[in-house]
Amino acid sequence: MVQTEEMSQLQQQALIDINEAANEKELQDVKVKYLGKKGSVSGLMKHMKDLPNEEKPQYGQQVNEVRQAIETEIESRQELLAKEQLEQQLATEKIDVTLPSRKMAIGAKHPLTRTIEEIEDLFLGLGYEIVDGYEVEQDYYNFEALNLPKSHPARDMQDSFYITEEILMRTHTSPVQARTMEKRNGKAPVKIICPGKVYRRDSDDATHSHQFTQIEGLVVDENIKMSDLKGTLELLAKSLFGDEREIRLRPSYFPFTEPSVEVDISCFKCKGKGCNVCKHTGWIEILGSGMVHPNVLEKAGYDSTKYTGFAFGMGPDRIAMLKYGIEDIRHFYTNDVRFLNQFKAVEDRGEQ
Ligand code: DAH
């Protein structure tokens, strides 16, 4: 039995439609029209039931041949269309290599990071270790271990953000002192600095920020004396602000040190004559310090009859403000690139 008229007409029409399909979408429509469940080829199959049994196999086979012919034609049309599309794309999407490229902005090290790293370098050179602590701290380490029991009036010096009764955002980096000594379990020497963020309930203004940075220092060993503290801080002052700087220790009070001192450096701007930077005193206060209180040593498991120590706490924010002439502490935390980019120039000049 040869193909029926209907079959050959359908096949011919299909081949015409396939070759007229101008894109893949149109080709897909043609495919559905002929080969889909309700398509014309399936329609041919429906005649099968009217045929005598002996003709059915051959009829079926012929329908399949039609189907295959259409499928093959669709495939080759598909390939051709894909190739044409690619060629067209390549022709229109030429890359113009002469266009100037987009500039990548290169950042600069944040002035606080620069200052902290400068101080770290100095102390690493003196054999200190850098230790990290927790920003969310226990009341015990933030206060009690530092000789500040619950009712101590000096707690008012540091207005705090409490999370629970016993947990707060640390108000200073001093808890790292207590934690480190406790961990070292009575062993000496301890020579550490601890840089990090601290938090206080201050209303923000040009010189106060609810979040700022501190670097804590602690040395514990036999025979540590006030003169060791003075020599160390003198070196720090000179390294930060120039070799001609001098320091002055003024008596002060901190619960965790005895005696306690406030440390001033001679003004780097007016060289002691008096100017706006030193508020016409010739001196600038840069840190708090003192000899570690025996109670603090004992609480952390050190024998205070055998060991002594000194400690200090400084604010890199204030130091960076002085060094770079920054008038508002909030510049450090608002991430204005116009401010930050100025430090690129400092970096390019290779300055500290
Ligand atoms: N923790 C003090 C503060 O935040 C600063 C300080 C003073 C730290 C004296 C010390 C120290 O280690 O000995 O105000």
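The coordinates are above.
Now for a quick tour of the structure. (Residues numbered from 1 in each chain as written. Predicted model: local features only at pLDDT ≥ 70, side-chain atom pairs only at ≥ 80, totals over all residues. Heavy atoms only, no water.)

1. Some words on the nonpolar core
Threshold: Only buried Ala, Val, Leu, Ile, Met, Phe, Trp, Tyr and Cys residues count toward a nonpolar core, and they belong to the same one when joined by side-chain atoms within 4.5 Å. Each residue's exposure class comes from its accessible area (1.4 Å probe, protein chains only) as a fraction of the maximum for that residue type: buried when under 20%, exposed when over 50%, partly exposed otherwise. Think of it this way: any DSSP run of H or I at least four residues long counts as a helix, any run of E at least two long counts as a strand, and we number them from the N terminus. It only takes one pair of heavy atoms within 4.5 Å for two residues to be counted as in contact.
Grouped together as the largest cluster of nonpolar side chains are 33 residues, with contacts concentrated most on F123, L236 and M314. Those elements that place two or more of their residues in this core are α5 (111-125), β5 (211-221), α8 (226-241), β7 (257-266), β8 (283-292), β9 (308-314) and α10 (316-324). Considering every element that reaches this core, the biggest residue donor is α8, with six residues. With residues up to four places along the chain from it excluded, the contact list for F123 reads Y128, I193, T232, L236, F312 and M314. V131, A145, L297 and Y307 belong to the second-largest nonpolar core, a separate cluster that totals 25 residues.

2. Things to note about the packing of aromatic side chains
Note the following rule: Pairing of aromatic rings covers Phe, Tyr and Trp, the last through its six-membered ring, and needs centres within 6.5 Å; plane angles under 30 degrees mean stacked, over 60 mean edge-to-face, and all others mean tilted. In this scheme, Lys NZ or Arg CZ marks a charge over a ring once it lies within 6 Å of the ring centre and within 35 degrees of the ring normal.
What the rule picks out here adds up to 11 aromatic pairs. Plain terms: the ring middles of Y302 and Y307 are 5.8 Å apart, the flat faces sit at 75 degrees to each other, and that makes the pair edge-to-face. Y307 carries the same exposure label as Y302, and that label is buried. Through pairs of rings, three or more aromatic residues link up here, namely Y324, F332, Y333, F339 and F343. Against the face of Y141 rests R179, its NZ or CZ located 4.0 Å from the ring centre.

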